[in-house]
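# Tertiary structure, described
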Amino acid sequence: MLLPRALLAAVLLAAAAPRAEAFYLPGLAPVNFCEKSKETADCKAEIELFVNRLDSVESVLPYEYAAFDFCQNPEEKRPSENLGQVLFGERIEPSPYKFLFKKEETCKTVCTKTYDAQKPEQKQKLNFLKKSMLLNYQHHWIVDNMPVTWCYDVEEGQRFCNPGFPIGCYITKDGHQKDACVINSEFHERDTFYIFNHVDIKIFYHIVENGATGARLVAAKLEPKSYKHTNPENPDCSGVPMDINNQASGEIKIVYTYSVTFQEEKGIRWASRWDYILESMPHTHIQWFSIMNSLVIVLFLSGMVAMIMLRTLHKDIARYNQMDSTEDAQEEFGWKLVHGDIFRPPRKGMLLSVFLGSGTQILIMTFVTLFFACLGFLSPANRGALMTCAVVLWVLLGTPAGYVAARFYKFHICSPHQAFGGEKWKTNVLLTSFLCPGIVFADFFIMNLILWGEGSSAAIPFGTLVAILALWFCISVPLTFIGAYFGFKKNAIEHPVRTNQIPRQIPEQSFYTKPLPGIIMGGILPFGCIFIQLFFILNSIWSHQMYYMFGFLFLVFIILVITCSEATILLCYFHLCAEDYHWQWRSFLTSGFTAVYFLIYAIHYFFSKLQITGTASTILYFGYTMIMVLIFFLFTGTIGFFACFWFVTKIYSVVKVD
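Cut-offs used in this document
Residues numbered from 1 in each chain as written. Predicted model: local features only at pLDDT ≥ 70, side-chain atom pairs only at ≥ 80, totals over all residues. Heavy atoms only, no water. UniProt positions renumbered as here; feature names shortened; annotations may be inferred. Helix = DSSP H or I, 4+ residues; strand = E, 2+ residues; numbered from the N terminus. Buried < 20%, exposed > 50% of the residue type's maximum accessible area, 1.4 Å probe, protein only. Contact = heavy atoms within 4.5 Å. Areas by Shrake-Rupley, 256 points an atom, 1.4 Å probe, with all protein chains shown as cover. Core = buried A, V, L, I, M, F, W, Y, C linked by side-chain atoms within 4.5 Å. Domains from an automatic or database assignment. Disulfide = S-S within 2.5 Å. Phe/Tyr/Trp six-rings, centres within 6.5 Å; stacked < 30°, edge-to-face > 60°. Expected span 1.5 Å × (residues − 1). Polar contact = N/O pair within 3.5 Å; in protein donor to acceptor, adjacent residues only side chain to side chain. pLDDT = per-residue confidence, 0-100. Axes fitted to C-alpha atoms, helices over the stretch in contact; angles between N-to-C directions. Parallel < 35°, antiparallel > 145°, perpendicular 65-115°, else oblique. Left-handed = near helix turned anticlockwise from the far one by under 90°. Nonpolar A, V, L, I, M, F, W, Y, C, P; charged D, E, K, R; others polar. Pairing = 2+ DSSP bridges.

Per an unreviewed UniProt entry, the recorded name for the protein is Transmembrane 9 superfamily member, and the organism is Crocodylus porosus. In the Subcellular location (unreviewed entry) part of its UniProt record, the protein is described as follows: "Membrane". Listed in UniProt under the heading Sequence similarities (unreviewed entry), the comment for the protein reads: "Belongs to the nonaspanin (TM9SF) (TC 9.A.2) family."

In structure tokens, the structure reads:
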């Protein structure tokens, strides 16, 4: 539990050092605040509040703040967003909520919105607001790059700090209080919406102690409330809540107000200001025990597999190398019998080599991204950094993709003496560049069309789509061609044994050595080591919870690589002992079948954990899930193939073959 937090704290502490010696990560440099009378270039007085997109656990469609008829600040320029933020649908905008450090405000009016049911445009805005409250859409506000949280008590006395708060809530026709309506007993009118038009904001600060002037903000909390202000010019934030009857036909006025207070907090330092949010997340303490339990089981099983393989193979190799006479050679059995067919080219070798190239690209990208995340460079405070890093790495890793695809295409299709792999080398390079990325982009583009049609902020702007295509065609594709050039230029990988001209007949196989049962069994063990982490990853994507356990995720990644490798080697050994030499596709699919279990789990998660409603949201969920499944299939399949390739090459180069 302490590993990722310690790494992040170390980085943030480095950023908090004196300016002359500081090392700042982008987006993580501390800002000092002072009272208006003491304002300097290094110490700001104004505290800006930014607003992000609004989202819901009942819908996959987020909407930007400007899509709602809230108080706007169109005069100020919105901050620039990186590629990761755009791809995740984050749309940060300036808000009309402005504070001065240590200047408290009480029930200050921000704006007044009026809706007349007789005017179609205003009625449409009001209906959109009602629909959003019905689906429990949540505000996400930001102060000093920190989420403004709404903290409330949950079961067993635990206090949960939510980095968002609802627009409002709804009382059904039968009097059922939906979502946040349970917090106030005054919300009781049937078939009525209650909008949270007032917020009590409390900003916590910590006085700088290292010689610098001013203070640093360490937390911002709010409490949403609802008031029907009878005097918009001079509101007093008291009285009955602001209700909107679903059948109302007259004029409706909503006055938005806020109060802000400041409190010094000596117990929280700037470097650890995110801790109170992360510690309050539900199931935090349970998940550490579950993850450790899973890792111990997987390590134990991996040790068992490794021990069995090493002892059995050692005896086999020793026995085979002692067979010197012809009579002994005639008594060969098991995997040595297929030495003349073990490197026979597989069917669809072109497709396999393309999958291996793309899988290598994804494997390296995942490793490097998780490594940087462990160091704290891709923390939640650095918004969009994780996705930006992954996309940039994928683009720059076109060279190893082309190289691996070319090397294994020559290995599978061509003899070692062919210089450039025959006439189909161009097809190999083009498929490596466009097949898997093209499938992902086509799926992504269709999902984007749905988001465009729904007017969601998650829809990627046309300019960003052009930029992504430019990265693909102008950087990734040329790098893939360069990698393929060097891959084809090198001599083909030498086979340790000669391949017979006539294929050997494969004997009748028992049930567990047939292809399909072996492939299905092969994915169980790797999936067993990731399914707990998978739950929290899916929660962060679809339930809008923060994910910060990159230390454990990196550890699980390493365990996954080991488990995929050992499970594939074990099943490959069983098949070779059964005299079945078709190991290439089987090794890829055995490990890659983990992605099928991933898909099954994602379907289970959708129906059992999520509250998503609507056709568009359902299509988007499964559309994006299919992208993740394909990436995971290529990633795990490549691990299994490389492990089996190393194993087969090793044992047939050690054994003496007559």
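## Side note on the overall build of the protein
A count of helical and extended segments in the protein gives 18 helices and 17 strands. By residue count, 52% of the 658 residues in the protein fall in the buried class. Excluding contacts between residues fewer than 6 apart, the proportion of contacts in the protein whose partners are at least 24 apart in sequence is 77%. Accessible surface for the protein amounts to roughly 30,600 Å². Of this, 61% is attributable to carbon and sulfur atoms.

## Here's the deal with the nonpolar core
In terms of nonpolar packing, the biggest core is built from 153 residues, with F99, L129, W141 and V648 touching the most fellow members. If you tally residues by element for this core, the top one is helix 18 (residues 615-654), at 18 residues. Mapping this core onto the domain boundaries places at least three of its residues in each of domain 1 (32-279) and domain 2 (283-309 + 332-498 + 515-654). For V648, the contacting residues outside a window of four places in its chain are I342, F343, C572, L576 and W583.

## With respect to the state of the cysteines
For the structure on display, the rule yields five disulfides. Paired through a disulfide, C71 and C111 show a sulfur-sulfur distance of 1.8 Å. Its S-S torsion of approximately -80 degrees makes the covalent link between C71 and C111 left-handed. Of the two residues, C71 sits in the loop between strand 3 (59-63) and helix 2 (83-87) while C111 sits in strand 5 (residues 105-116), which places them 40 residues apart along the sequence. What pairs with C169 in a disulfide is C181, and their sulfur atoms sit 2.0 Å apart. Taking the torsion about the sulfur-sulfur bond, which here is approximately 95 degrees, the covalent link between C169 and C181 counts as right-handed.

## What to know about the packing of aromatic side chains
Enumeration over the complete set of coordinates arrives at 62 aromatic pairs. Ring geometry for F535 and Y605: centres 6.2 Å apart, planes at 75 degrees, overall edge-to-face. Note that F535 is positioned in helix 14 (residues 531-542) and Y605 in helix 17 (residues 594-608), a separation of 70 residues in sequence. Classification of F535 by relative accessible area gives buried; the value is 19%. Consider the rings of F606 and F607, whose centres lie 5.1 Å apart with planes at 90 degrees: the pair is edge-to-face. For F607, a relative accessible area of 63% corresponds to the exposed category. Through a chain of ring-to-ring contacts, three or more aromatic side chains come together here, namely F367, F371, F372, F377, F554, F557, F598, F632 and F635.

## Describing helix 14
With 12 residues, helix 14 should reach 16 Å at 1.5 Å per residue; the first-to-last C-alpha distance of 16 Å fits that figure. Considered for burial, the residues of helix 14 that qualify are I532, Q533, L534, F535, F536, L538, N539 and W542. Once helix 14 ends, the next one or two residues include H544, with phi positive near 60 degrees.

## Some details on the environment of H206
Among the structural elements, H206 can be located in strand 14 (residues 198-207). For H206, a relative accessible area of 8% translates into the label buried. Distance from H206 to V218, taken between C-alpha atoms, is 6.5 Å for residues 12 residues apart in sequence. Among residues more than four places away in sequence, those in contact with H206 are A215, R216, V218, E265, K266, I268 and R269. Looking at H206, its side chain comes within polar contact range of the main-chain oxygen of E265, at 3.4 Å.

## Some remarks on the confidence of the model for the protein
Per-residue confidence for the protein gives a mean pLDDT of 83, with 87% of residues at or over 70. No element of the protein has a lower mean pLDDT than helix 1 (residues 2-15), which averages 36, and none a higher one than helix 17, which averages 95. Note that residues 1-27 has pLDDT below 50 and, in this model, 47 contacts with residues that lie over four places away or in other chains. Confidence drops under a pLDDT of 50 for residues 325-331, and excluding neighbours within four residues, the segment shows two contacts in the predicted structure.

## Re the packing of helix 7 (residues 349-374) against helix 10 (residues 425-454)
Packing of helix 7 against helix 10 brings their axes to within 9 Å, and their N-to-C directions diverge by 55 degrees. Taken together, the axes of helix 7 and helix 10 are oblique relative to one another. Helix 7 and helix 10 meet at a crossing whose hand is right-handed. Across from M350, L351, S353, V354, F355 and S358 in helix 7, the residues of helix 10 making contact are T427, N428, L431, T432, L435 and C436. When grouped by side-chain class, the residues that make up the contact of helix 7 with helix 10 number seven nonpolar, five polar and no charged.

## Thoughts on the sheet that holds strand 14
Here four strands make up an open sheet; going across it, the order is 5-17-14-15 and the pairing mixed. In the strand order of this sheet, the two ends are held by strand 5 and strand 15 (215-225), each with one partner. Each neighbouring strand pair of the sheet contributes to a mean axis angle of 20 degrees, computed without reference to strand direction. Bridging between strand 14 and strand 17 (residues 251-264) involves eight bridges; their strand directions are parallel. Looking at strand 17, one finds that D200 is bridged to S259.

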